[in-house]
Amino acid sequence: EKLLSDMLQDSEPDVRKKAVHALGKILSGELVARVIKDKDAGVRSAAAQTLGSIYHSSSNKLASSIHHLEEALKDKDAGVRSAAAQALGSICQSSEFGHLEEALKDENEDVRKQAAAAIERIKERLIRNKAQKEEDERQAAWRDGMNRSY
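Here, residues in each chain are numbered from 1, in the same order as that chain's written sequence. In keeping with the predicted nature of the model, local features appear solely for residues at pLDDT of at least 70, side-chain atom pairs appear and are counted solely at 80 or more, and the whole-chain, interface and lining totals rest on all residues. As a rule here, side-chain values cover all heavy atoms of the structure and leave hydrogens and water aside.

**Q** How should I be thinking about the side chain of Arg44 in this particular structure?
**A** A run of H or I in DSSP becomes a helix once it reaches four residues, and a run of E becomes a strand once it reaches two; helices and strands are each numbered from the N terminus. The topology assignment puts Arg44 in helix α4 (residues 41-54). Partly exposed residues are those whose accessible area sits between 20% and 50% of the maximum for their type, while under 20% is buried and over 50% is exposed, using a 1.4 Å probe and protein chains only. The buried category is assigned to Arg44, whose relative accessible area is 5%. In protein, a polar contact means a hydrogen-donor-capable atom and an acceptor-capable atom, both N or O and within 3.5 Å, with residues adjacent in sequence counting only if both atoms are side-chain atoms; elsewhere, any N or O pair within 3.5 Å suffices. A polar contact of 2.6 Å, which involves the side chain of Arg44, links it to the side chain of Asp75. Pairs of residues are marked as contacts when any of their non-hydrogen atoms sit within 4.5 Å. The residues contacting Arg44, other than those within four sequence positions of it, are Val35, Ile36, Lys37, Asp38, Lys39, Asp75, Lys76, Asp77 and Val80.

Listed below in structure tokens is the structure:
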């Protein structure tokens, strides 16, 4: 991790981008989050994409990633904003997506499209999760009823 941390300080954007992707593979989001403000838009975009892929299920670090990605939605580079919207669609777990709704008004068409797609993915995930929870509750009630009858 030390080597990759050093690579994040390299003067070449391509080296920093490779370090970001490598950090994603070893699940080191803290270091990736540091470069979300990199001077190079390609590095910032890679960081946003990587944050989205790292924290699908790590809830303790999810809030931090979401915060960094929400900040990236305000980036001056449209590619970074687009990558942040896409990543948020992959990891947001709640219906609180005001930042994505703001991105629907972005001057860049791709950012608007990614924000709309992200909101749809989040809504679909919420619906699926609710349906699964209801099904789990029905099955638990059925099992409970079966156990009482014996």
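**Q** Even after reading the chapter, I still don't get the confidence of the model for the protein chain, so can you show me in this structure?
**A** Segments scoring low in pLDDT should not have their predicted coordinates read at a detailed level. Taken residue by residue, the protein chain gives an average pLDDT of 83. The fraction at 70 or more is 85%. Values of pLDDT, the confidence the predictor places in each residue, fall between 0 and 100. Across the protein chain, element-level confidence peaks in helix α7 (residues 98-103) with a mean pLDDT of 93 and bottoms out in helix α3 (residues 29-34) with 70.

**Q** I'm lost on helix α6 (residues 78-91) in this one. Help?
**A** It helps to recall that an α-helix has 3.6 residues per turn; residues three or four apart then point in one direction. Here the expected length of a helix is defined as 1.5 Å per residue gap, with one fewer gap than residues. Spanning 14 residues, α6 covers 20 Å between terminal C-alpha atoms, matching the ideal 20 Å at 1.5 Å per step. Extensive coverage of α6 is indicated by the burial of 10 of its 14 residues. Capping the start of α6 is the job of one residue whose side-chain oxygen sits 2.9 Å from the backbone nitrogen of Gly79: Asp77.

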